[in-house]
Amino acid sequence: MSGTDYNYDEQGQFFPYFILTMTSLVTIPVTYSLLKPSKELESTATRIDSDFTPEHADLIEGQRKKQKRRERRLKRFIVTVGGWATIAWMIYLMVITTRTVPKIWNPYDVLGISTSASEKEIKSRYRRLSLTEHPDKRREDPANNVTQEVINDHWVEVVKAFKSLTDEEIRNNYLQYGHPDGKQSFSIGIALPKWIVTEGHGKYVLLMYALALGVVLPYTVGKWWYGIQRVTKEKILVASAGKLFREYDNDQGESGVVGALSSGEEFNEVLKGHKADNGLSKLEQKVLAEDAASPISQALTKKDRQKLADLDDSRRRKVLTLLWAYLGRIELDDESLNDEKFEVAPVALQLNEAYTAITLAYGNTKAILAAYHTSQNIIQALRPGASPLEQLPYFTPAVASAAEASRSKNHLTIQEFMSIPADQRKSRVVKQGLLSEAQFKKALTTASKLPALRLERAFFKVVGERYITPSSLVQFVLKCRFIPPGATNVPQIDPADLEDVDPEEGDLAAITGRKDDRSGQKPIQPPLAHAPYFARDHAPRWHVFLADSKQGKIAVPPFTFQTFDKPILDENNNPTYNVQTLKMQFGCPPQPGSYTFVMHMICDSYLGMDTKMEVTLVVDDASKAEEVDEEDEISEPDEDTIAGQMRTLKSGGVPASKPKKRRAQEDDSSDGSDTEGDVDSESETDTDTDTDEE
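Source: prediction; values computed, not measured.

Once that is clear, we can look at the UniProt feature "transmembrane region" (unreviewed entry) in the chain. The positions that UniProt labels "transmembrane region" (unreviewed entry) are, in the present scheme, residues 14–35 and 74–95. Secondary structure content for residues 74–95 is 100% helix and 0% strand, and the end C-alpha separation is 32 Å.

Written out as C-alpha cells, the structure is:
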C-alpha cells in the first residue's frame, strides 16, 4: 500500500497550535503599535504653569478629552484584547488536552520479547502465544471489550511480528520500510477538528472561505488603500487640498486665509446633518454685527463680508462664522454653539498647515507670512491685527489698549510691555474696570515664562572654507537664546558661544547640517504653547527662511526648528540662557557678488515674537580661494629660524634682510571671512537689524 492519505485532528490536539500561531501574527504587532510611546513632541514637552481659567473651560476640556478618546485607537484596543484572550484560551486547551502520540510498530513489543532474543527464543515465544492467543484457543470476554474481531486482529499482528523476525522477505520489508507489509502511505495531518469538515459542515467551511477571500480581504485592502490615497502628507483630505488650492490668492491677508480654511471637507464631520443650520442666524447676528465695540468688526474687511454674504453653502457659512467667533473670543450665549466654536479651531489649524504648503509652492512671501500669522491667531484665539498683549491672562482688548497707552500705530509686544518700568506697567492696567492686583500678578507670571527666542548673531559660512565661492554648499548659522519677557540679570554671552566651530572630518551629520537624532534621549524643547482657548496641546515651532525683498519671493525655503541642542530650562524650571545654534543649508548662487536677503524667523504659536533682519551673503570669486590655498602650502623656512640659518650656511649665501611680513597682515585682514560675522564685513548680519519688536 502506498500513496498519500489525509487525516484530521480528531482529538483537537493540534488545532490550538494553529490558532495560536495565526492569532499571534496579528496580535503582537497590533499590541506593539498600541503600547509604543508616542514620538510626537506634544507628549514629551512640559507645560507653562498657570492657574488661569478661561471662560467655558469645561467645553475646552471636553474637546481635549474627545480628541484623546480618538487617539486611544479603540479598534486596536479591541483587537489587542480579543487577540490575547484567544491566545490565553488556546494555551489553556494545549495544557488540558492529552496528546496522543502514534506508537511506532515494533515486532519485539508485539511478541513481548527483548531485542536481543535469538531466533530459538523467538520461535519458542511464538509457540507459547499460539497456545493462548490463537483465535481457536482464546475466548471472547465482553466484560473487557474483547471481541472476536479484536482477537483476530491481535493474532494477525503476532503472526506479522513473528514473520518479520524469521521470514527473510518480510524481515527485509521491516528493516527497509519499518513495516512488514512494505512501504506505507504518507499521512498528512490537518490541524482542524474533523467535525468542521464532516457531518454536513463542509458548506459552512466553503462559505467561510468565500467571505474571507471574497469579502473581508478585498474590503480590508480597499479600505487601507483608499485611506492612504484620500489624505495628503499633511493628513487632510485630498478634496480639501483641492479646495484650498482654488481658494489661494497671493494678496489675501490673514482674514482671507481664514475664509479659505472654511472650505475644508473636514468640517462636514463636525457639523453633521442638522447641525449645519442650527443657530446659524443667531450666530451671524452675534458675530457679524457692524458694531464699533465688536472686535471682529475691525478685522473683517468689506471684501471678507461680501465673500461671506455670497456663500450659498450653509455649512461653510456656519464654519466661517464660528471661526470668527473663536478668533474674536465672542460669547455666543448658546452652549452647543460655543462647543462647536472650540471644535472647529483645531481642524482649521490642520488645514492651515496644508494651506502653508500650497503657499510655499508659489513662493510668495506675503502669502507665506499670512499663513504663518494665521497659525498664531488660531492657536492664541486672536483675530488678525489683535494686540499681542491679549495673549496674557485677563488681557482683553480694553486692557491691552490701556497698556499700550499712547502707542497708536503699532501694538506693544509682550517683550516691550515687560521692559516698561514696573510702576508704569501697573499704573496703566490695574484700575477699576480693567485688572485687579491679583489678575495683574498672574498675567506677569505667565509672561515671564513664555519662550521668547532672541537672535544674537547670524552669519553665512562654508564648512572647512575661509571664503564662500560660487555654487558651494552654504550654511546660514543663527545663534539665539531663549530669554523670557521681563527677564533680569541675563548673563553676558561668551564670545566663543557665538562662533561656529567646524566639525571633525568624517562627521557627516554635522557637515550636512543634520542633527543627531539623540536616540534614547528626551528631546530638548520649550514648553507647550500657552494657549488656554485652543483645545489641543501644541509644541511651538520656529520657521526660518530667506526672502528676496525686491521680488517678494522666497529665496531659501523655510527650515522648521522644534528641538534644540542645549537645555532651555534647568531642574528648577529657570531659564538657562544657553546659546542655541540653528543651521540652514542651501546652494550658493553660481555668480560672485553680494546678495541681500530678508531673514524671517517666525514662531507659529505666539504673536509678536517674530524676528525680521536683513542679511548679506558675499560670494567671492573662486580664484580668491585658490590664492589662499597656495599661500597655505609649505614655504621656505624663515631666515631668523634655525632651519633658515642652516639652509643659508649650506648654500653659502649671505643672509638677506628680513622681509616684511606681508602675509601676516593679509592673514589678519582675512581671518574671519565676510560670512564669519566681522564687524567690518559686508555680509555681517548683526547690523541692519529690524525686528518685529521695534
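Turning our attention to the pattern of salt bridges. Within the structure shown, the criterion is met by 20 salt bridges. With a shortest N-O distance of 3.6 Å, E499 and R457 are connected by a salt bridge. Of this pair, E499 sits in the loop between β4 (473–482) and α23 (508–511) while R457 sits in strand β3 (residues 453–461), and the two are 42 residues apart along the sequence. One continuous salt-bridge network, built from bridges that share partners, spans R47, R64 and D537.

With that settled, the discussion passes to the packing of aromatic side chains. Applying the stated criterion across every chain, the model contains 14 aromatic pairs. With 6.4 Å between their ring centres and 40° between their planes, Y372 and F545 make a pair best called tilted. Note that Y372 is positioned in helix α18 (residues 365–380) and F545 in strand β5 (residues 542–548), a separation of 173 residues in sequence. For the pair Y372 and F545, a shared accessibility class is recorded, and that class is buried. Ring centres of F460 and F586 lie 6.2 Å apart, and the angle between their planes is 85°; this geometry places the pair in the edge-to-face category. Here F460, found in strand β3, pairs with F586, found in strand β7 (residues 579–587); they are 126 residues apart in sequence, far enough to count as distant. Note on accessibility: F460 and F586 belong to one class, buried. Counting every residue linked through ring pairs, the aromatic cluster contains F245, Y248, Y355 and Y362.

Here we take up the packing of helix α17 (residues 335–362) against α18. Running from amino to carboxyl end, α17 crosses α18 at an angle of 165°, the nearest separation of the two axes being 9 Å. Taken as axis vectors, α17 and α18 run roughly antiparallel relative to one another. With respect to the hand of their crossing, α17 and α18 are arranged in left-handed fashion. Where α17 abuts α18, its residues A345, A348, L349, N352, Y355, T356, T359 and L360 lie against A367, I368, A371, Y372, T374, S375, I378 and I379. Residues of the contact of α17 with α18, tallied by class, amount to 11 nonpolar, five polar and no charged.

On to the sheet that holds β3. Strand order in the open sheet formed by three strands is β3-β4-β7, with antiparallel pairing between adjacent strands. Only two strands of the sheet have a single partner each, and these edge strands are β3 and β7. On average, each strand axis in the sheet is inclined to that of its neighbour by 20°, with strand direction left out of account. One ladder, built from eight bridges, connects β3 with β4; its direction is antiparallel. Each bridged residue has a counterpart across the sheet, and for F459 the counterpart in β4 is V477.

The rules behind each value
Residues numbered from 1 in each chain as written. Predicted model: local features only at pLDDT ≥ 70, side-chain atom pairs only at ≥ 80, totals over all residues. Heavy atoms only, no water. UniProt positions renumbered as here; feature names shortened; annotations may be inferred. Helix = DSSP H or I, 4+ residues; strand = E, 2+ residues; numbered from the N terminus. Salt bridge = Lys/Arg side-chain N within 4 Å of Asp/Glu carboxyl O. Phe/Tyr/Trp six-rings, centres within 6.5 Å; stacked < 30°, edge-to-face > 60°. Buried < 20%, exposed > 50% of the residue type's maximum accessible area, 1.4 Å probe, protein only. Axes fitted to C-alpha atoms, helices over the stretch in contact; angles between N-to-C directions. Parallel < 35°, antiparallel > 145°, perpendicular 65-115°, else oblique. Left-handed = near helix turned anticlockwise from the far one by under 90°. Contact = heavy atoms within 4.5 Å. Nonpolar A, V, L, I, M, F, W, Y, C, P; charged D, E, K, R; others polar. Pairing = 2+ DSSP bridges.

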